[in-house]
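Coordinate analysis (summary)
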Amino acid sequence: MAEPITDRDREAVRRLHAEGKSRNQIARTIGRSAATVSKIARAEGLTFSGGARVAAATEARRADAVARRELLADEALDGALGQVARTTGAESARDARDHATAARALTEVHARVAELARATGTGSSGGSMLDRLADTLLGPARSDSEGG
């Protein structure tokens, strides 16, 4: 049978929790199971939600996603420009059409990613020169509900 929870255990859990220790770190430190630490914490009104660590990790993920979206938009537009250049040197009308189709698809990717960035406040509000080029080639970005 497990040892009864003591006042010393409760005090240690409160102190270590206040220091920002995780449930498992506290359990190792006081030599009790994680379940016992959770039971003590619950009785003391303490939680192990992660708090600042979770917020920092969430912010880091958000910033990474913003950077990846910017990279995707840039690479899509670079690819579109490369496809446009290939249309002039195409050996046949079909090749030229295929390059133009690829350029349009890549430009649409760029426009949608750029619109997402603007909508979420992670992109430029005025649009860059490349955004305006995409809007000129495709027209302003439309949402799916508008038939896009």
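Up top is the structure these notes are about.
Residues numbered from 1 in each chain as written. Predicted model: local features only at pLDDT ≥ 70, side-chain atom pairs only at ≥ 80, totals over all residues. Heavy atoms only, no water.

**Here we look at the overall build of the protein**
Note the cut-off: We count a stretch as a helix when DSSP gives it H or I for four or more residues in a row; a strand needs E for two or more, and each element gets its number in order from the N terminus. The buried label goes to any residue with under 20% of its type's maximum accessible area, the exposed label to any with over 50%, and the partly exposed label to all in between, with areas taken from a 1.4 Å probe on protein chains only.
Each helix and strand counted, the protein has six helices and zero strands in total. Moving toward the C terminus, one meets the helices and strands of the protein in the order α-α-α-α-α-α. The buried share of the protein, reckoned over its 148 residues, is 21%.

**Here we look at a negative patch on the surface**
Note the cut-off: Excluding any residue in a salt bridge, patches collect residues exceeding 30% relative accessible area, merging like charges within 9 Å and nonpolar Val, Leu, Ile, Met, Phe, Trp and Tyr side chains within 5 Å. Reported accessibility uses the Shrake-Rupley method at a 1.4 Å probe radius. Residues are deemed covered only where the shown protein chains occlude them. We define a salt bridge as a contact between a side-chain nitrogen of Lys or Arg and a carboxyl oxygen of Asp or Glu at a distance within 4 Å. For the charge count, each Lys or Arg is scored as positive and each Asp or Glu as negative, with His and the chain ends excluded. In this description, the location of a charge corresponds to atom NZ of lysine, CZ of arginine, CG of aspartate or CD of glutamate.
Taken together, the side chains of Glu70, Asp74, Glu75 and Asp78 present a region of like negative charge at the surface. For Asp74, the position within the fold is in helix H4 (residues 51–88). Taking the relative accessible area as the measure of exposure, Asp74 reaches 41% and is therefore partly exposed.

**With respect to the pattern of salt bridges**
Counted according to the given criterion, the structure contains eight salt bridges. Notably, a salt bridge pairs Asp9 with Arg32, separated by 2.6 Å at the nearest N-O pair. Residue Asp9 is found in helix H1 (residues 7–18), and its partner Arg32 is found in the loop between helix H2 (23–30) and helix H3 (34–44); the two are separated by 23 residues along the sequence. The partner of Glu108 in a salt bridge is Arg104, with the nearest N and O atoms 3.2 Å apart.

**What about helix H5 (residues 93–119)?**
The criterion, for reference: Multiplying one less than the number of residues by 1.5 Å gives the expected span of a helix.
With 27 residues, H5 should cover 39 Å at 1.5 Å per step; its first-to-last C-alpha distance of 38 Å lies within 8% of that length. All of the buried residues along H5 are Ala103, Thr107, His110, Ala111, Val113, Ala114 and Ala117. After H5 finishes, the residue Gly121 shows a positive phi value of roughly 75°.

**Considerations on the packing of H1 against H3**
The packing of two helices is summarised by the inter-axis angle and the distance between the axes. Here is the rule we go by: Note on definitions: angles span 0 to 180 degrees between N-to-C directions of axes, and those axes are lines fitted to C-alpha atoms, for helices only across the stretch in contact. The scheme is simple: roughly parallel for angles under 35 degrees, roughly antiparallel for over 145, roughly perpendicular for 65 to 115, oblique for anything else. Here, residues are in contact when the closest pair of their heavy atoms is within 4.5 Å. As a working rule, the residues Ala, Val, Leu, Ile, Met, Phe, Trp, Tyr, Cys and Pro are called nonpolar, Asp, Glu, Lys and Arg charged, and the rest polar, with Gly in that last group.
The interhelical angle for the contact between H1 and H3, taken along N-to-C directions, is 80°, at an axis separation of 10 Å. In terms of orientation, H1 lies roughly perpendicular with respect to H3. Each of Asp9, Arg10, Val13 and Arg14 in H1 lies in contact with H3, whose residues at this interface are Val37, Ile40, Ala41 and Glu44. The class makeup of the residues in the contact of H1 with H3 is four nonpolar, no polar and four charged.

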